[in-house]
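One-letter residues, chain by chain:
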Amino acid sequence: MAVNTIDIAERIAEVHALSKTQAKTVVEDVLKGIAEAAAKGEEISLNGFGKFKVQNKSAREGRNPSTGATIKIAASRKVVFQPAKALKDAVNG
């Protein structure tokens, strides 16, 4: 089962005595802040959870899996997540 923003908002609403609408707004604002920082190339560090980092991928050659033809893959940026030790321990133990 996947957890989505509504599930997280409902949990926050329960724990902090907020309405579901207020909690959903808080969750969306946090995610928007993370996305905006990543778009600027900034590292986002959430203590005890992990870090979101932007990595540059250089241009390279690849293959079209259908035809086998060589294609050029443009340079891009991607967001990677590095979990904190506390999160790794919680998942593994």
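What counts, and where the lines are drawn
Residues numbered from 1 in each chain as written. Predicted model: local features only at pLDDT ≥ 70, side-chain atom pairs only at ≥ 80, totals over all residues. Heavy atoms only, no water. Helix = DSSP H or I, 4+ residues; strand = E, 2+ residues; numbered from the N terminus. Contact = heavy atoms within 4.5 Å. Areas by Shrake-Rupley, 256 points an atom, 1.4 Å probe, with all protein chains shown as cover. Expected span 1.5 Å × (residues − 1). Buried < 20%, exposed > 50% of the residue type's maximum accessible area, 1.4 Å probe, protein only. Arc of directions from axis to C-beta. 1 Å grid on protein atoms, 1.4 Å probe; cavity = no way out; pocket = protein on both sides within 12 Å on 5 of 7 lines; lining within 4 Å. Points joined across faces, edges and corners; volume = space filled by probe spheres on them. Nonpolar A, V, L, I, M, F, W, Y, C, P; charged D, E, K, R; others polar.

**Looking at the overall build of the chain**
Right, so step 1: A count of helical and extended segments in the chain gives 3 helices and 5 strands.
Right, so step 2: Moving toward the C terminus, one meets the helices and strands of the chain in the order α-α-β-β-β-β-β-α.
Right, so step 3: Seen through its C-alpha atoms, the chain measures out along the principal axes to roughly 55 × 30 × 30 Å.
Right, so step 4: By sequence separation, contacts in the chain at least 24 residues apart represent 33% of the contacts at least 6 residues apart.
Right, so step 5: Element-wise, carbon and sulfur atoms account for 54% of the exposed surface of the chain, whose accessible area totals about 7,300 Å².

**Some details on helix α2 (residues 20-39)**
Right, so step 1: In this model α2 runs 28 Å from its N-terminal to its C-terminal C-alpha over 20 residues, within 8% of the 28 Å that 1.5 Å per residue would give.
Right, so step 2: Among the residues making up α2, those that are buried are Ala 23, Val 27, Ile 34, Ala 37 and Ala 38. Relative to the axis of α2, the buried residues are bounded by an arc of 110° and lie together on one face. For α2, exposure combined with an orientation more than 90 degrees from the buried face picks out Thr 21, Lys 32 and Ala 39.
Right, so step 3: Each element contacted by the buried residues of α2 is listed here: α1 (5-16), β1 (44-46), β2 (50-57) and β5 (76-83).
Right, so step 4: Looking at the residues trailing α2, positive phi occurs at Gly 41, about 85°.

**Quick notes on the layout of surface pockets**
Right, so step 1: Computed from the structure, the largest pocket encloses a volume of approximately 160 Å³.
Right, so step 2: Lining the largest pocket, in full, are Ile 8, Ile 12, Val 26, Val 27, Val 30, Leu 31, Ile 34, Leu 46, Phe 49 and Phe 52.
Right, so step 3: Elements supplying a minimum of two residues to the lining of the largest pocket: α1 and α2.
Right, so step 4: Looking at the lining of the largest pocket, the element that brings in the most residues is α2, giving 5 residues.
Right, so step 5: Of the residues in the lining of the largest pocket, the class split is 10 nonpolar, no polar and no charged.

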